[in-house]
Amino acid sequence: CRQPPSHNANYNSFCLMFQPELSRITGASRYLRDAIAKYDGGIRIGHLLNGEWTGHNRHTNYMGIIGWGLGALGKELLPRSALKVELKRHSTRMLNCLLQRLEPPAGIARHAESGPSAGAWVSQALMSAMLCSQAFDLPLDNFMRTLAGWIATHGNTASLWAHAYN
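Read on for an overview of the structure. (Residues numbered from 1 in each chain as written. Predicted model: local features only at pLDDT ≥ 70, side-chain atom pairs only at ≥ 80, totals over all residues. Heavy atoms only, no water.)

**Things to note about the overall build of the protein chain**
When you go through the protein chain residue by residue, the secondary structure sums to seven helices and zero strands. Its helices and strands in sequence order give the protein chain the pattern α-α-α-α-α-α-α, from N to C terminus. Residue burial in the protein chain is summarised as follows: out of 166 residues, 45% are buried. Put simply, 71% of the contacts in the protein chain that link residues at least 6 apart link residues at least 24 apart. For the protein chain, the exposed area adds up to about 8,800 Å²; of that, 58% sits on carbon and sulfur atoms. (Helix = DSSP H or I, 4+ residues; strand = E, 2+ residues; numbered from the N terminus. Buried < 20%, exposed > 50% of the residue type's maximum accessible area, 1.4 Å probe, protein only. Contact = heavy atoms within 4.5 Å. Areas by Shrake-Rupley, 256 points an atom, 1.4 Å probe, with all protein chains shown as cover.)

This is the structure in structure tokens:
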């Protein structure tokens with residue numbers, strides 16, 4: 001994570017997953033500053049109003065990784081900081097987009113995979129939802145009901161758990 005922000009938002013999000021907590025645990029503020037720089041230079045700029053990110057980062061799996069990072073960063077920020085408010089806005093947009101993708105009439109954004117890899121993205125979406133809920137006090141009842149319904153209808157259980165532990 002010492003590199004400058006990447007144009008690839010999900011790569012930057014991997015740094016957000018652990019650097020803010022590392023900063024809190026060690027007391028070294030450089031980790032939090034680096035995570036914020038990754039957000040500013042490599043995540044914020046590609047977020048679209050419909051909740052997707054630009055380029056390949058619009059894929060559901062990558063959006064789940066990005067949301068996971070946003071939630072992890074948000075958990076370590078002061079409750080009413082401007083950045084936390086901004087992260088909550090981005091996270092809400094992203095979770096709403098993921099929720100829409102789970103609905104049958106979602107069109108091109110619908111995640112209509114089948115076969116052995118169906119549902120591989122679910123673990124990232126789930127971690128995103130849980131961390132964003134913790135960080136930003138977002139209600140998850142509807143998201144979890146819809147996700148559970150998608151898993152029951154389309155999910156491949158072996159794929160879901162294999163990816164959850166990889």
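Back to the text.
**Re the nonpolar core**
One finds Y39, I43, W53, L70, L87, L95 and F143 to be the most contacted residues of the largest nonpolar core, which totals 31 residues. When residues in this core are grouped by element, the largest group, eight residues, is from helix 4 (residues 82-102). Ignoring sequence-local partners within four residues, the contact set of F143 consists of L95, L98, L99, A125 and A129. (Core = buried A, V, L, I, M, F, W, Y, C linked by side-chain atoms within 4.5 Å.)

**Structural notes on the pattern of salt bridges**
Side-chain pairs of opposite charge can arise whenever the charged atoms involved come near each other. As enumerated under the stated definition, the model contains six salt bridges in all. The residue D40 makes a salt bridge to R44 at a minimum N-O spacing of 2.8 Å. Residue R44 is classed as partly exposed on the basis of its relative accessible area, which comes to 31%. Connected through salt bridges with shared partners, the residues E21, R24 and E76 form a single ionic network. (Salt bridge = Lys/Arg side-chain N within 4 Å of Asp/Glu carboxyl O.)

**Some remarks on the environment of F18**
Turning to its location among the elements, F18 is positioned in helix 1 (residues 9-26). With relative accessibility at 42%, the residue F18 sits in the partly exposed group. Spatially, the C-alpha atom of F18 lies 8.2 Å from that of G69, the residues being 51 residues apart in sequence.

**Looking at unusual backbone geometry**
Despite not being glycine, D137 shows a phi value in the positive range, around 55°. Accessibility expressed as a relative area gives 68% for D137, which makes it exposed.

In short, shape yes, function no, at least from these values alone.
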